[in-house]
Amino acid sequence: MLTGDLLLFRFSGGRFKIRFVDKNEPDLLLLAQSLIDCFADAANKGFSRNQLEEALELYRHQKELKVVDGLIKLLMDRTVFLSAQDIDYPALREKVFSGTSELLIRCGYDVDKFQTCVSDLSGGSDLYGDLPGFEKIVSFPFIKPVDLLDRYNLALAQGMLFYTRSLKIKVSDPEPAELRRMLKYLKFFRLLAEVVQVKKNSLELDISGPFSLFGPTRKYALNLAVFLPAVVRLTQWKISADLEVGNRKGKFSLDDSSELVSHYRNFSAYVPEEVKMFHRLFSEKVDDWKIVGETPLLHAGKQEFIIPDISFENSDGTVIHLELFHRWHKAQLQQRINSLRQHDLPLILGIDRSILSNEEFEQIISQSPELKQRLFRFSDFPGIDTVHRTLRFFFGRKKSLAKKSG
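Peer 1: Help me get a handle on the overall build of the protein chain, residues and values and all.
Peer 2: If you tally the helices and strands in the protein chain, you get twelve helices and 16 strands. In the protein chain, which comprises 406 residues, the proportion classed as buried is 45%. Across the protein chain, contacts joining residues at least 24 apart in sequence account for 71% of those joining residues at least 6 apart. On the protein chain, roughly 21100 Å² of surface is accessible, and the fraction owed to carbon and sulfur atoms is 50%.

Here it is as structure tokens:
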């Protein structure tokens, strides 16, 4: 991801426009290859972060310094460094330094022997392993020059989304599998969207930006940025946004003509760990319900749709969906509760405790007792037992109502 100081854009006539680089330009491809070679060589030699930074200074005389720094930032993000071990480094340094004078005399001022003794005294540990500049490179995943430039252009677009007040995404004639995949990414990154069917073969998603919440929210902005590659995978797409960059406010738009390339290939690699764990534990602990792989759009009246997070099916084929409301989603919660009051949807809701107090939760239940069996609260991510209990309660209520109506 690129930081704000590394973004390339123009602002004119109330509009922001990104200055993408030409990924086919020979000089840029040569620069990208040189930087990749520098990182690969540093990894092979086991350089520290400081040694790598020193080697990279040779490339910072380029005319487009911001492009160079941006490419370096992306390559640095790919590089795996050895993290500090569970050692009290300050105490270790004090122990070694306090004994070096005596060691030097004992070693007869033989430098090689002295270094060996110091290593023995430190137990072979790096004395400065807790300092970022001394972290050693463990590995550097290979990347082609053209792929690096593709990643750079995409990162420029992702960086602009950090300054979003509101965002509309329109997708036309999407492949069903790709559309479902994009919507899965949307939920996994905890973004809540209002989905409107514009035409038979097109959808419009209205997503709040970080600046429309309680001031700029970095985590939400990051989630919004990492969602963009899922949109870029589609064949026909368009983004329209209102941005606020410093004291400048304006419009920003982007579509498939930009030829951005998504690096998302392995879908499971981007599924959050808590979601993977939930799926695994649910299958291990629950035998009367199973998680359904395909989660559909739920029609909520008129042209509005709901995107569930997870869908469950019991032994008789009944499917019930779960939608989670995290700490950024309080504004949309009331709208969803109204939808449940107005429509008989096969939907249960999980609500983060940070957006709904005990008193507020009880007030909702007292006003609409019929919602008691389909609402629950959670902290960060729901537990298996809570979800299972809510599924059984809601399913039991539906069966009871069906018998009465019969």
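Peer 1: Any chance you could break down the environment of Ile 355 for me, citing the residues and the numbers?
Peer 2: Structurally, Ile 355 can be placed in the loop between strand E15 (347-352) and helix H11 (358-367). Expressed as a C-alpha distance, the spacing of Ile 355 and Lys 330, which sit 25 residues apart in the sequence, is 5.8 Å.

Peer 1: Residue-level account of the sheet that holds strand E14 (residues 319-325), with values.
Peer 2: Here five strands make up an open sheet; going across it, the order is E10-E13-E14-E15-E16 and the pairing mixed. The open sheet has two free edges, formed respectively by strand E10 (289-292) and strand E16 (375-378), since each of these has just one partner strand. Across this sheet, the average inter-strand angle for adjacent strands is 30°, counted without regard to direction. Pairing of strand E13 (residues 310-314) with E14, which is carried by four bridges, proceeds in the antiparallel orientation. Residue pairing across strands places Ser 311 opposite His 321, the latter belonging to E14.

Peer 1: Talk me through the nonpolar core; I want residue IDs and the actual numbers.
Peer 2: In terms of nonpolar packing, the biggest core is built from 77 residues, with Met 182, Leu 205, Ile 207 and Phe 227 touching the most fellow members. Top contributing element to this core by residue count: helix H1 (residues 26-44), with nine residues. If we ignore the near neighbours within four places in the chain, the residues touching Ile 207 are Ser 166, Leu 167, Ile 169, Leu 186, Leu 192, Ala 193, Tyr 220, Leu 224 and Phe 227. Grouped together as the second largest cluster of nonpolar side chains are 21 residues, Phe 278, Phe 282, Val 286 and Trp 289 included.

Peer 1: Please set out a nonpolar patch on the surface residue by residue, giving values where relevant.
Peer 2: On the surface, a nonpolar cluster with roughly 240 Å² of combined accessible area is contributed by Val 80, Leu 82 and Val 138. Along the polypeptide, Val 138 turns up in strand E4 (residues 137-139).

Peer 1: Give me the side chain of Glu 135: which residues, what numbers.
Peer 2: Examined against the element boundaries, Glu 135 turns out to sit in the loop between helix H5 (111-121) and E4. Residue Glu 135 is classed as buried on the basis of its relative accessible area of 19%. In this structure the side chain of Glu 135 is engaged in a polar contact, spanning 2.8 Å, whose partner is the side chain of Arg 49. Discounting chain neighbours no more than four positions away, the residues touching Glu 135 are Phe 47, Ser 48, Arg 49, Phe 81 and Leu 82.

Peer 1: Account for the pattern of salt bridges, naming residues and giving values.
Peer 2: This model, assessed by the stated rule, comprises 21 salt bridges. Measuring nitrogen to oxygen at the nearest pair gives 2.9 Å for the salt bridge that ties Asp 77 to Lys 73. In this pair, Asp 77 and Lys 73 are both assigned in helix H3 (residues 65-78), four residues apart and thus about one turn of the helix distant. On the basis of relative accessible area, Asp 77 is assigned to the partly exposed category, the value being 45%. Where Asp 385 meets Lys 285, a salt bridge forms, and the shortest distance between an N and an O atom there is 3.6 Å. Pair noted here: Asp 385 is in helix H12 (residues 384-405) and Lys 285 is in helix H9 (residues 273-285), with a separation of 100 residues, a long-range link. Beyond isolated ion pairs, a larger network of salt bridges with shared partners links Glu 53, Glu 57, Arg 60 and Asp 69.

Peer 1: I'd like a rundown of unusual backbone geometry, residues and numbers included.
Peer 2: Phi is positive for Arg 190, close to 60°, though the residue is something other than glycine. When you line up the elements, Arg 190 lands in the loop between helix H7 (176-188) and strand E6 (193-199). One non-glycine residue, Asp 380, lies in the positive phi region at around 70°. One can find Asp 380 in the loop between E16 and H12. When its relative accessible area of 43% is taken as the criterion, Asp 380 is described as partly exposed.

Peer 1: How would you sum up the pairing of E13? Please name residues and give values.
Peer 2: With four of five residues buried, E13 is to be regarded as a mostly interior element. Where E10 lies against E13, four bridges are found, and the strand directions are antiparallel. Along E13, the bridge assignment pairs Trp 289 with Asn 314. Joining the antiparallel neighbours E13 and E14 is a turn of four residues, in which Gly 317 adopts a positive phi near 95°.

Cut-offs used in this document
Residues numbered from 1 in each chain as written. Predicted model: local features only at pLDDT ≥ 70, side-chain atom pairs only at ≥ 80, totals over all residues. Heavy atoms only, no water. Helix = DSSP H or I, 4+ residues; strand = E, 2+ residues; numbered from the N terminus. Buried < 20%, exposed > 50% of the residue type's maximum accessible area, 1.4 Å probe, protein only. Contact = heavy atoms within 4.5 Å. Areas by Shrake-Rupley, 256 points an atom, 1.4 Å probe, with all protein chains shown as cover. Pairing = 2+ DSSP bridges. Axes fitted to C-alpha atoms, helices over the stretch in contact; angles between N-to-C directions. Core = buried A, V, L, I, M, F, W, Y, C linked by side-chain atoms within 4.5 Å. Patch = residues over 30% accessible without salt bridge, like charges linked within 9 Å, V, L, I, M, F, W, Y side chains within 5 Å. Salt bridge = Lys/Arg side-chain N within 4 Å of Asp/Glu carboxyl O. Polar contact = N/O pair within 3.5 Å; in protein donor to acceptor, adjacent residues only side chain to side chain.

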